[in-house]
Amino acid sequence: MDDLSWLTAKPVAHRGYHDLNDRRWENTLSAFAAAAERGYAIECDVHLSADNVPVVIHDDDLKRLTGTDGFVWQRTVAELATLRVGGTADHVPTLAEVLALVAGRVPLVVELKGTPGHDTGLVASVGALLKTYKGKVAIMSFDHWLIRDFARDVPGIPGGLTAYGRENKLIEAHFSMLAHDLAFTSYAAGDLPNPFVTFVRDRLKMPVITWTIRDQPAIDITFRYADQMTFEGFEPETMRLA
């Protein structure tokens, strides 16, 4: 397995270093700039626009983040660029804009968000952008149908499973994804410990990061059962990390 120590070296800012959507909103260039300036790794979410451009936004529904009706997959990248996030000056950015902004200063973890029937080509489109990116970058997804395309469409980039749960059915499904050459996993902290995370971390020596960490108890769980956290709403340097 390739050395992925860079993936767990620094706390990962969930959707960038935002302020819980007060003035600096999630998944915006402002949030990513703030994370990079502080030296944190960055997690971001990617959907596909109507004209097949990877854009950085968490929800497929535009309402919460832009106040606009409709879905990401119904809008072209030009239309999405006109939408303001949370009424701020920030627009819905493209993944290309985020890569240009970060420019290798800190690691980037790109989560691909599947939308059944509207995500054909998402993995390949992301792969085309990452092919020439010079910084440390990884991809991950909850969506098994996207992960199955990682090795083909994004070769050479570490791919991870984003996951949650302790139920046997979910754990079995997670184990089945190991056939797709996973390099790491990102797991819900509230569902630790569990047999899947214990196996991949202890037996496969696979890095495990947690989501989404908002308080000291969740930090404590992270560093008991995993290697690094994806955090929001606080400054890690003010907390006990052990």
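Each remark here, short or long, concerns the structure printed above.
Residues numbered from 1 in each chain as written. Predicted model: local features only at pLDDT ≥ 70, side-chain atom pairs only at ≥ 80, totals over all residues. Heavy atoms only, no water.

## Considering the pairing of strand 6 (residues 159-163)
Along strand 6, 5 of the 5 residues are buried, which leaves the element largely enclosed by surrounding structure. Here strand 6 shows no split at all, with Gly159, Leu161 and Ala163 on one side and Gly160 and Thr162 on the other all buried. Two strands pair when backbone bridges link them, and strand 5 (residues 137-141) and strand 6 are joined in this way by 3 bridges, in the parallel orientation. Across the sheet, residue serine 141 finds its bridge partner in strand 6, namely leucine 161. Across 4 bridges, strand 6 lies against strand 7 (residues 184-188) in parallel orientation. Along strand 7, the bridge assignment pairs threonine 162 with serine 186. In this fold, strand 6 hands off to helix 9 (residues 168-176), which returns the chain to strand 7; that crossover is right-handed. (Buried < 20%, exposed > 50% of the residue type's maximum accessible area, 1.4 Å probe, protein only. Helix = DSSP H or I, 4+ residues; strand = E, 2+ residues; numbered from the N terminus. Pairing = 2+ DSSP bridges. Right-handed = clockwise from strand over helix to strand, strands pointing away.)

## So, the nonpolar core
Grouped together as the largest cluster of nonpolar side chains are 61 residues, with contacts concentrated most on Val110, Leu112 and Phe184. In terms of residues, this core owes the most to one element, helix 2 (residues 29-38), which gives 5 residues. Setting aside its immediate chain neighbours within four residues, valine 110 contacts Cys44, Val46, Leu95, Val137, Ala138, Ile139 and Met140. If you look at the next biggest cluster of nonpolar residues, it comprises 10 residues, including Trp25, Leu62, Val72 and Leu80. (Core = buried A, V, L, I, M, F, W, Y, C linked by side-chain atoms within 4.5 Å. Contact = heavy atoms within 4.5 Å.)

## Brief notes about the side chain of asparagine 21
Examined against the element boundaries, asparagine 21 turns out to sit in the loop between strand 1 (12-14) and helix 2. Relative accessible area serves as the criterion here: at 18%, asparagine 21 is assigned to the buried category. Engagement of the side chain of asparagine 21 in a polar contact is seen with the side chain of glutamate 26, the distance being 2.9 Å. Residue contacts for asparagine 21: discarding those within four places in its chain leaves Glu26 and Arg64. (Polar contact = N/O pair within 3.5 Å; in protein donor to acceptor, adjacent residues only side chain to side chain.)

## Side note on the pairing of strand 4 (residues 108-112)
Counting buried residues along strand 4, 5 of its 5 residues qualify, which places the element largely inside the surrounding structure. Residues Leu108, Val110 and Leu112 of strand 4 are buried on one face, and the alternating residues Val109 and Glu111, pointing to the opposite face, are buried as well. Of the strand pairs in this sheet, strand 2 (residues 41-48) and strand 4 are connected by 5 bridges, and their pairing is parallel. Bridge assignment links valine 46 to a residue of strand 4, and that residue is leucine 112.

## Examining the packing of aromatic side chains
Scanning all chains against the criterion turns up 10 aromatic pairs. Centre to centre, the rings of phenylalanine 175 and phenylalanine 196 are 5.3 Å apart; their planes meet at 85°, and the pair counts as edge-to-face. Note that phenylalanine 175 is positioned in helix 9 and phenylalanine 196 in helix 10 (residues 195-203), a separation of 21 residues in sequence. Taken together, the aromatic side chains of Tyr17, Tyr40, Phe231 and Phe234 make up a single cluster linked through ring pairs. (Phe/Tyr/Trp six-rings, centres within 6.5 Å; stacked < 30°, edge-to-face > 60°.)

Purely geometric numbers; function is a separate question.
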